[in-house]
Amino acid sequence: MSTRKTPFALHEHYHLYNRGVDKRIIYLDKNDKKRFVRLLFLCNGSQSLVYKDIGNTPLSSTNVGEKLVAIGAYCLMPNHFHILVREIKEGGIVKFMSKLKTSYSMYFNKKYARTGILFEGEFQSSHLDSDEYLKYIFSYIHLNPLKIFDPLWREKKIEKDIAKTFLHSYSDSSYLDYIGEKRENSLIINSSAFPAYFRSTNDFKTNLFEWINFDPDAI
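Remember, it's a predicted structure, so these values are computed and weren't measured experimentally.

## Overview of the sheet that holds strand 1 (residues 13–19)
Spatially, 2-3-1-4 is the arrangement adopted by the 4 strands of the open sheet, whose pairing is antiparallel. Edge positions in the sheet fall to strand 2 (69–77) and strand 4 (124–127), since each has one partner strand and no second. Neighbour to neighbour, the strand axes of the sheet diverge by 20° on average, direction disregarded. Pairing of strand 1 with strand 3 (residues 80–87) involves 7 bridges; the strand directions are antiparallel. When the sheet's bridge partners are listed, Y17 is paired in strand 3 with H82. Packed onto the sheet, helix 1 (residues 30–42) meets strand 2 and strand 3 and runs at close to 170° relative to strand 2.

## Focus on the pairing of strand 1
Where burial is concerned, most of strand 1 is hidden: 5 out of the 7 residues are buried. In terms of strand pairing, strand 1 meets strand 4 through 4 bridges, oriented antiparallel. Bridge assignment links H15 to a residue of strand 4, and that residue is S126.

## Focus: the environment of V69
Position of V69 among the secondary structure elements: in strand 2. Distance from V69 to G45, taken between C-alpha atoms, is 8.2 Å for residues 24 residues apart in sequence. Aside from chain neighbours lying at most four places away, what touches V69 is N44, V85, R86, E87, I88, G92, I93 and F96.

## Description of the packing of helix 4 (residues 131–143) against helix 8 (residues 201–210)
In contact at an axis separation of 9 Å, helix 4 and helix 8 are set at 85° when each is read in the N-to-C sense. Relative to helix 8, the element helix 4 is oriented roughly perpendicular. Residues K135, F138, S139, H142 and L143 of helix 4 pack against F204, N207 and L208 of helix 8. Its residues placed into classes, the contact of helix 4 with helix 8 shows 4 nonpolar, 3 polar and 1 charged.

## Observations regarding helix 1
Its 13 residues give helix 1 an end-to-end C-alpha distance of 18 Å, which sits within 8% of 18 Å, the value for a rise of 1.5 Å per residue. The inward-facing, buried residues of helix 1 abut helix 2 (51–54), strand 2, strand 3 and helix 3 (92–111). At the N-terminal end of helix 1, a side-chain oxygen is found 3.0 Å from the backbone nitrogen of N31, two or three residues along, and the residue is D29.

## Section: the side chain of H82
Mapped onto the fold, H82 is located in strand 3. Within the local environment of H82, its side chain forms a polar contact with the side chain of N144, the two groups lying 3.3 Å apart. Not counting chain neighbours up to four residues away, the residues in contact with H82 comprise H15, L16, Y17, A73, Y74, C75, Y140, I141 and N144.

## Here's the deal with the nonpolar core
Membership of the largest hydrophobic core comes to 68 residues, with the highest contact counts inside it found for I83 and F96. With 8 residues, the single largest contributor to this core is strand 2. When neighbours within four sequence positions are excluded, F96 is seen to be in contact with L40, C43, N44, L68, V69, I71 and I83.

Conventions we followed
- Residues numbered from 1 in each chain as written.
- Predicted model: local features only at pLDDT ≥ 70, side-chain atom pairs only at ≥ 80, totals over all residues.
- Heavy atoms only, no water.
- Pairing = 2+ DSSP bridges.
- Helix = DSSP H or I, 4+ residues; strand = E, 2+ residues; numbered from the N terminus.
- Axes fitted to C-alpha atoms, helices over the stretch in contact; angles between N-to-C directions.
- Contact = heavy atoms within 4.5 Å.
- Buried < 20%, exposed > 50% of the residue type's maximum accessible area, 1.4 Å probe, protein only.
- Parallel < 35°, antiparallel > 145°, perpendicular 65-115°, else oblique.
- Nonpolar A, V, L, I, M, F, W, Y, C, P; charged D, E, K, R; others polar.
- Expected span 1.5 Å × (residues − 1).
- Polar contact = N/O pair within 3.5 Å; in protein donor to acceptor, adjacent residues only side chain to side chain.
- Core = buried A, V, L, I, M, F, W, Y, C linked by side-chain atoms within 4.5 Å.

So, in C-alpha cells, the structure goes:
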C-alpha cells in the first residue's frame, strides 16, 4: 500500500525517479535495459500482460488497454531512472509504477538468482507545477546521461557540440525520439499530451541546450 502523503492529481505533470537499493546497478547488460524500456510501454495500460506470452512481439502489435499515464520523457542511468509523466487516468501513476517496478524486479531477480527488493523504497516524485519547472525537468532528464560522459560536465561548462555528440550515441533515453530518429521505442512517448514545445524537433533542441549550463538553484 502506498504511504505517499500527497496524492497525484489528474492531468498534472510529475517527475518520477527511483534508484537501486544501496545504490546498486540495476541494469547489468543491454538486455536488461531493453526489458525495462519495453516495460515502460507494456506496463502503461489497464491490461494485465504476461511478458513471456508477448516475447518479442512488436510494441505496435501489443494492446495494453487504456493508458494510465502519458510519458513525456525517460532516461535510464546505471543505478536509477527518470520518467516524466502526466496522469491521464485516476490513480494511473501509482498503478503504472507498481507494475513497472514489480515486473522488472521479478525479471532481474530471476535472471541473476537473487532475492529481496531491487529498488530503494517507494519511488520519488516532484510535482511540476509551473511551465518553467516542467521545461527544466524535461531537459534535465535528457541531459542526465552526460553524467556518464563526465560527472562534472556542468561545472566544466561542457561544449554543446560535445554534449550533442554524446547524447546522439546514448540510446537509453527518449532523446533520440525527439530529434526525429525512427525507432520502436518512440511508441512509449506521447508528446501530444504535453505542451507544444515537446513536439517540434527544432524547439526541442533549442529548449534542451538552453538549459545545458543553467544553475538549477535558480528555479
